[in-house]
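What the coordinates show
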Amino acid sequence: MTVTAQDGTSKTYTVTVTRENAEEGAPEELSETPKNPIMPKDPTVPKDTTVSAGSLVVRTTLDSDGHTVAELAAADLLSVLKLPVKGNVTIDIQASAAPSSITVQLPSQALQNGLAGGGVDFITIRTALANIILSAEMLARALEGSEDELLSLTVAAVNASELPDSVRSRIGQAVVYDFNLSLGHASITDFPGSKDVTVELDYILQTRENPERIVVYYLDDQGRLQAVKNSKYDKNAQKLSFSPKHFSKYAGMEANVSFHDLETARWAEPYILNLAAREIVDGVAEGQYQPESMVTRAQFVKLLVEAMELNTDAVQDKAIFTDMVEGAWYGKSIGAARESGIVQGREDGSFGVNDPVSREDIAVMSYRTLQHLKANLKGAEDGGTLRFADQVAIAGYAREAVEQLTKAGVINGLSEGRFAPQEQATRAQAAAIVYRMLQGIWQ
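Residues numbered from 1 in each chain as written. Predicted model: local features only at pLDDT ≥ 70, side-chain atom pairs only at ≥ 80, totals over all residues. Heavy atoms only, no water.

**Describing the nonpolar core**
- Ranked by size, the top nonpolar core spans 76 residues in total, and within it Phe-300, Ile-334, Val-402 and Val-434 carry the most contacts.
- No other element matches helix H10 (residues 427-442), which puts nine residues into this core.
- Formed by 48 residues, the second largest nonpolar core is a distinct cluster that contains Leu-77, Ile-93, Val-228 and Tyr-250. (Core = buried A, V, L, I, M, F, W, Y, C linked by side-chain atoms within 4.5 Å. Buried < 20%, exposed > 50% of the residue type's maximum accessible area, 1.4 Å probe, protein only. Helix = DSSP H or I, 4+ residues; strand = E, 2+ residues; numbered from the N terminus.)

The following block contains the structure:
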């Protein structure tokens, strides 16, 4: 500070202002910028962001209710979308403590521009509650025609008191998660593609829980729990994953299914329990699966359609073959299978609704289903030819299906190296084949 006297002379002085510290009595020098500035309380402001090849890490704080909102900067999002690793980008939201809900907001224009190059196939958003994998194809559809809006993804742990009594009694201690995706003020509700969205939940297997019976359920509009057929549990990774057709409230837990007549087909027990837990197959009586009973052609078609979740909503329920009964339990399944090119019927105009299905016909229907779904099964492209002792007995129309599904491990031979193409397929064999098909599709 400079002081000027009346006679015009001046002198410079240094002034130090101190205040007494109440606890220690020590003077504390004040500066223009505080040493410990107060952090902003707004949880929408990320504390820190790190961009690297294929990865964007965002660190956030929680508000007093355990919520956090991470709004990604357009420049950061564009940077990471230009650096995918094998077509994948990960956005890792790291909260300062265990959150009750997490919202991630992505600027739509930056997201569109970043995806326009075609180098990104999937964006994985990792959070402490769940991992959500969004396909670039689904995002492109959702963002088409959008303006400068925010794409918001929210994951929240649901308070059990908000659930119906019937649901609370069934789920026990299982955590229910609520998922929402929106663009601006409009919700994005449907995911028709098989890989539009994939969700991963942490799940630690409890004592005496059977990994084949661990299933994801969603809460429908009537407050009922519905099994997610494509849910699968990886006990090594301790992850429960599924591909939802829509967002809703979801929970993972063990299904209460069992059969007491599987002694004759222990080899197929894991497959049967897995499909029964997902409500893909059921018993023929209380506690009975009857694994050695034959499967009819109509039963196997219905099993395929339900397991692969083929759309039957637009199918007219009418007798499209001469031996079908209009309004029967198999009507829409056979209709959907015919429209998809999975079945064709017989030369006399019938389908053989109640006839046993042969092993080679099961192979044909299964193979056509996988072709319709454009599923590439591991091993099916390998070279080599069939090596069954009775391979000459396989009908010409079934040979390719048997060969491809055998290479992929979907179907196997019987004793003495036989395939037994004309033998009747059993309920145990049908469950095993459908289970292996699902495993191949989920890979």
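**Digging into the side chain of Arg-436**
- As for its placement among the helices and strands, Arg-436 is situated in helix H10.
- No salt bridge forms around the buried Arg-436; measuring N to O, its nearest opposite-charge neighbour Glu-212 is 11 Å away.
- If near-sequence neighbours (up to four positions away) are discounted, Arg-436 is found in contact with Trp-267, Tyr-271, Gly-409, Val-410, Ile-411 and Asn-412. (Lys, Arg positive; Asp, Glu negative; His and termini not counted. Salt bridge = Lys/Arg side-chain N within 4 Å of Asp/Glu carboxyl O. Contact = heavy atoms within 4.5 Å.)

**A short note on the packing of helix H6 (residues 297-307) against helix H7 (residues 331-339)**
- Interhelical geometry of H6 versus H7 gives an angle of 70° and a closest axis separation of 9 Å. By the angle class used here, H6 and H7 are roughly perpendicular. Taking contact as the criterion, the partners of Ala-298, Val-301, Lys-302 and Val-305 in H6 are, on H7, Ser-333, Ile-334 and Ala-337. (Axes fitted to C-alpha atoms, helices over the stretch in contact; angles between N-to-C directions. Parallel < 35°, antiparallel > 145°, perpendicular 65-115°, else oblique.)

**Some words on the confidence of the model for the chain**
- The share of residues in the chain with pLDDT of 70 or more is 87%, and the mean pLDDT across the chain is 88.
- This stretch, residues 4-8, has a pLDDT under 50; its non-local contacts, to residues over four places away or in other chains, come to two contacts.
- Predicted confidence for residues 15-46 stays below pLDDT 50, and this span has 25 contacts to residues more than four positions away or in other chains. (pLDDT = per-residue confidence, 0-100.)

**Quick look at the packing of aromatic side chains**
- Counted according to the given criterion, the structure contains twelve aromatic pairs.
- Both rings, one in Phe-191 and one in Phe-247, keep their centres 5.0 Å apart while their planes meet at 75°; by these two values the pair is edge-to-face. Within this pair, whereas Phe-191 is found in the loop between strand E14 (186-187) and strand E15 (197-202), its partner Phe-247 is found in the loop between strand E19 (239-242) and strand E20 (249-254), the two being separated by 56 residues in sequence.
- In this structure an aromatic cluster arises from ring pairing among Phe-179, Phe-191, Tyr-218, Phe-242, Phe-247 and Tyr-250.
- In this structure, Arg-359 packs its charged tip against the face of Phe-419, placed 4.6 Å from the ring centre. (Phe/Tyr/Trp six-rings, centres within 6.5 Å; stacked < 30°, edge-to-face > 60°. Lys NZ or Arg CZ within 6 Å of the ring centre and 35° of its normal.)

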